[in-house]
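Each chain, letter by letter, is given below.
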Amino acid sequence: MIAGIDLGTTNSLIGVMDSGFPVLLAGENGSRLTPSVVHFPEGDAPPLVGASALRMRALDPARTVSSVKRYIGRRFGELDAAERSAPFAVERARDGGILIGPRRLSPEQVSAILLGKLRSDAECTLGIEMRRAVITVPAYFNDARRQATKEAGRLAGFDVERILNEPTAAALAHGLDRGGERRRVAVFDLGGGTFDISILELHDGVFQVVSTNGDTRLGGDDIDAALVSFLHSEWSVPHDDALLLARIREAAIGAKHRLSDSQDTVLRLPFASGTSREMALDRAVLENLARPILARARPCCLRALSDAGLAAGEIDDLLLVGGATRMPMVREFARDLFGVDPLTDSNPDESVALGAVLQGGILSGQVTNALLLDVTPLSLGIETFGGLMNVLIPRNTTIPVKAGELFTNAVSGQSAMQIHVLQGERELARDNWALGRFDLPFVPAPKGGARVGVQFEIDADGILRVLARDTATGLEKVVEMKSAVDVSDEAVERMISESVEHAFEDVEARRFAETRQKSADLLGAVRTALTKADALLEPGERDRIEVLAARVGAALAAEDAPALAAANLALDESTRDLAARLLDQAMETALKRRGIL
Amino acid sequence: MSEQDPFSLLGFPARPALDTDTVRERFRQLSDTLHPDRAGGDATRFAALNAACSALTDPVARLRALALLSGAGTANAKRPVPPGFADLFLQAGDLSRRLDDFTRRKTAASSALGRALLADEEMEITESAREFLDQLAAKRSELDAALSHADARWETDRTELAPQLPELADAFAYLARWVGEIQERLLCLTLIPDSAP
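Since the structure is predicted, the reported quantities are computational estimates derived from the model, not experimental observations.

## With respect to unusual backbone geometry
All names here are of chain A.
Then, in step 1: Residue I399 is joined to P400 through a cis peptide bond whose omega torsion reads -5°.
Then, in step 2: Structurally, P400 can be placed in the loop between β22 (397-398) and β23 (401-408).
Then, in step 3: We note that D204 has phi near 55°; this positive angle belongs to a residue other than glycine.
Then, in step 4: One can find D204 in the loop between β13 (195-203) and β14 (206-215).

## Here's the deal with the pairing of strand β27 (residues 464-470) of chain A
Residues and elements named next belong to chain A.
Then, in step 1: As paired strands, strand β26 (residues 451-458) and β27 are joined by seven bridges and run antiparallel to one another. Looking at β27, one finds that I458 is bridged to L464.
Then, in step 2: Between the end of β26 and the start of β27, which pair antiparallel, lie five residues, with G462 showing a positive phi angle near 80°.
Then, in step 3: Pairing analysis gives three bridges linking β27 to strand β28 (residues 476-478), with the strands arranged antiparallel. Paired with L467 across the bridge in β28 is V478.

## Brief notes about empty space enclosed by the protein
All names here are of chain A.
Then, in step 1: Across all of its chains, the model carries seven cavities of 30 Å³ or more by this definition.
Then, in step 2: Estimates place the volume of the largest cavity at around 120 Å³.
Then, in step 3: Forming the boundary of the largest cavity are 15 residues, of which R162, L164, D374, I399 and A460 lie nearest the centre.
Then, in step 4: Contributions of two or more residues to the lining of the largest cavity are made by β11 (159-165) and β18 (371-373).
Then, in step 5: In terms of residue class, the lining of the largest cavity is built from seven nonpolar, three polar and five charged.

## Quick look at the interface of chain B and chain A
Then, in step 1: Contacts between the two partners involve 34 residues from chain B, matched on the other side by 51 residues from chain A.
Then, in step 2: Summed over both partners, the interface of chain B with chain A comes to about 3700 Å²; 58% of that surface belongs to carbon and sulfur atoms.
Then, in step 3: Summed over the shared surface of chain B and chain A, the result is six salt bridges.
Then, in step 4: Where R594 of chain A meets E127 of chain B, a salt bridge forms, and the shortest distance between an N and an O atom there is 3.8 Å.
Then, in step 5: There are 14 residue pairs in polar contact (both at pLDDT 80 or more) connecting chain B and chain A.

## What to know about the nonpolar core
Then, in step 1: Residues L10, L99, W178 and I182 of chain B are the most contacted members of the largest nonpolar core, which totals 52 residues.
Then, in step 2: Looking at this core, the elements with two or more residues in it are β18 of chain A together with α1 (6-10), α2 (20-34), α3 (43-57), α4 (59-69), α5 (86-108), α7 (119-161) and α8 (165-190) of chain B.
Then, in step 3: Broken down by element, the residue count for this core peaks at 11 residues, all from α8 of chain B.
Then, in step 4: What L99 of chain B contacts, discounting residues up to four positions off in sequence, is I125, A129, I182, R185, L186 and L189 of chain B.

## Observations concerning helix α11 (residues 351-363) of chain A
Residue and element names in this part refer to chain A.
Then, in step 1: End to end, α11 covers 18 Å across 13 residues, agreeing with the expected 18 Å (1.5 Å per residue, within 8%).
Then, in step 2: Counting buried positions over the 13 residues of α11 gives 11, a clear majority of the element.
Then, in step 3: Listed as buried for α11 are S351, V352, A353, G355, A356, V357, L358, Q359, G360, G361 and I362.
Then, in step 4: One or two residues past the end of α11 sits G365, with phi positive at roughly 85°.

## Description of the side chain of E201 of chain A
Then, in step 1: Within the secondary structure layout, E201 of chain A lies in strand β13.
Then, in step 2: A distance of 2.8 Å separates a polar atom in the side chain of E201 of chain A from a polar atom in the side chain of R28 of chain B.

## Observations concerning the packing of helix α8 (residues 283-294) of chain A against helix α10 (residues 328-338) of chain A
All names here are of chain A.
Then, in step 1: Between α8 and α10, the least distance of the axes is 10 Å, while the angle of their chain directions is 45°. If you check the angle between α8 and α10, you find them oblique. Two packed elements cross with a definite hand, and for α8 against α10 that hand is right-handed. Here R283, E287, A290, R291 and L294 of α8 come into contact with α10, specifically with P328, M329, V330 and F333.
Then, in step 2: Considering only residue class, the contact of α8 with α10 consists of six nonpolar, no polar and three charged.

## Some remarks on the pairing of strand β24 (residues 416-423) of chain A
Residues and elements named next belong to chain A.
Then, in step 1: Relative to β24, strand β20 (residues 380-384) runs antiparallel, the two being bridged by three bridges. If you follow L380 over to β24, its bridge partner there is Q423.
Then, in step 2: Note: β24 against strand β25 (residues 433-441), eight bridges, orientation antiparallel. Across the sheet, Q423 pairs through a bridge with W433, a residue of β25.

## Thoughts on the domain arrangement of chain B
All names here are of chain B.
Then, in step 1: In terms of domain boundaries, chain B breaks down into domain 1 (6-57) and domain 2 (86-190).
Then, in step 2: Taken together, the contact pairs four residues of domain 1 with five residues of domain 2.
Then, in step 3: Carbon and sulfur atoms supply 54% of the area buried between domain 1 and domain 2, which totals about 490 Å² over both sides.
Then, in step 4: In terms of surface lost to domain 2, no three residues of domain 1 exceed R15, P16 and A17, which account for 90% of the buried area on that side.
Then, in step 5: Where domain 1 meets domain 2, there are two salt bridges.
Then, in step 6: Here R15 makes a salt bridge to D151, at a shortest N to O gap of 2.8 Å.
Then, in step 7: Viewed at the interface, domain 2 and domain 1 are joined by four residue pairs in polar contact (both at pLDDT 80 or more).

The rules behind each value
- Residues numbered from 1 in each chain as written.
- Chains lettered and ligands numbered in written order.
- Predicted model: local features only at pLDDT ≥ 70, side-chain atom pairs only at ≥ 80, totals over all residues.
- Heavy atoms only, no water.
- Helix = DSSP H or I, 4+ residues; strand = E, 2+ residues; numbered from the N terminus.
- Pairing = 2+ DSSP bridges.
- 1 Å grid on protein atoms, 1.4 Å probe; cavity = no way out; pocket = protein on both sides within 12 Å on 5 of 7 lines; lining within 4 Å.
- Points joined across faces, edges and corners; volume = space filled by probe spheres on them.
- Nonpolar A, V, L, I, M, F, W, Y, C, P; charged D, E, K, R; others polar.
- Contact = heavy atoms within 4.5 Å.
- Buried area = accessible area lost by both parts, 1.4 Å probe.
- Salt bridge = Lys/Arg side-chain N within 4 Å of Asp/Glu carboxyl O.
- Polar contact = N/O pair within 3.5 Å; in protein donor to acceptor, adjacent residues only side chain to side chain.
- Core = buried A, V, L, I, M, F, W, Y, C linked by side-chain atoms within 4.5 Å.
- Buried < 20%, exposed > 50% of the residue type's maximum accessible area, 1.4 Å probe, protein only.
- Expected span 1.5 Å × (residues − 1).
- Axes fitted to C-alpha atoms, helices over the stretch in contact; angles between N-to-C directions.
- Parallel < 35°, antiparallel > 145°, perpendicular 65-115°, else oblique.
- Left-handed = near helix turned anticlockwise from the far one by under 90°.
- Domains from an automatic or database assignment.

What follows is the structure, encoded as structure tokens:
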């Protein structure tokens, strides 16, 4: 029996195949969703996991770890300021990794505690031992984060049979009962902490992923944070009150959930001092806060479509996955992008776990009418002359896959060559994720005489294995890669901390410089528009705009930062209609030029 | 590394033209038994099958594999830009630079009005890009015709045709690269919103 596990940022689920059907198991408090929260009590009492830990989050935020998935498989050096200043401790491990929570555990260890809880609850329900598991990860997870998730599974005592991509799992759960017709499906997966978009072709039980894209740092958590920060300034509460902050967060999450079903809600926060705060919040306010966050999903979706060689209208089905897709604005956003109404007959919280269970069924031979052909989300390559990335396996290649590369010595008698393995889409090697380095030994030979073949393999888990092959003996050997943490991590970290310090020093000065730059841009654009687009102006519009432009000029002269920002905003707003008319005119001119109008 | 050629791996005759859908369908069928998720499946054999499918559905890789099989040169040989391509080569470079420059300026414009003032230029530049893509598509049709022609004569004239394969493969490769570069830049341009952040 192979368990299927959705290890989520916010909630986790576990299930098994039962008489040919995937079934999700309820945890100790009767819910199939186990909150991905671990609370560490004082002393060395065993941690609380799930709903009981979630209850502790507002009471004891420093000892309660949530959203651990944001940290798994990452280096301390790449965390941003918000990720470093979580309610619980986030520290740099000696090897450049991350340690979190009051007991300073690695994210793998904390994830293992979550997985252990799922496992023991399932064993309790079924009365049998669970040793094997399929665990899901965001499709856009890189090699390091997949390996770390696999390691968490091992630490929890599982044989991890497969690391499965979440959107693919959801498609599997949804598509099994759909017969033989060929369909193109877009899976839009916005979870608590990660966003994935996958485009699949379903045909005769084969679920073939055509393209995938995403952002592993975009999710409902970000909307929570925006709402918390909004409430924070509305209520002008002190910044250093961690407990109050934690309670505002719980209230904000509750309000966000309620606003998916109703247009308005009331946020109540009883203060310890006996007074309490109340605020009416309507959906429009939440949507304004969420809009810029959601906008970050757009480029991912357009790129996935482009990589699949498809236009929006060519998608047959749109499947929404992840709790954040309950927000009406998210549903509309996805519908507008893909030009098709989202399917409504699946539970966005459960489809990933059901898919993981089904994949377990495929691996154990219980399910024979479905097969997943997944892809690698990121290009794999090596650093080549001039610090460029040489792609060996392009993104969206079906896995498992192998690519061979032959290396020769560049100078006579060269004893080894260092190979730098990278993952990512950028042209310059240093802009990509460094998977690791290894030294390839050469036998002594004149220039070009020593040849070693290296085989890069991405397995069905999306994890890389490197094999070196001696062309003389034909022997293959797995290459141990040195993690890239050692050197580059510190450089990255130094860079980030410098820029953070820098930001704190002269944040006022920088903001004013930016505002001034914006004024200059705006005034330039206004001047050009007023001369060029005279015919487009409505009666009185020129005067209105000129008055506002003069106000910007005055604030500039007075070096009054707040007044300048306000004047910019007013001028920007007042010229939006004109901007829209200019766009229409440009469109018309273009159509005329092509003889369409 | 000595591996079976992609044609025989997927059970197709080694020839210049193959129908992409047919190749994919064969790959899917074989996956159903050889994928490592299946009992009796095999990751190594599947990976080879996978690579063969990629090779046979891409004219560049297919023609290069066929050239190799027919003993007509390798993929790594240095050859000049194919005849009739030099002009396209210059155009592609020029257009890429113009698109990059425009994208930079549009990103830098910090107001809706500033971006709207660039709209005329954007329409013109995207039109030139589309016209160029049409030109490339026309060139691609020519190559496809040359490919079918070679395919039709393959049985009888293969010794004469084989030496021409590497050059034909290069032509397909250049076209694919330019189409990719221009499309990528057009995509980047559409990713900039009309109103600045």
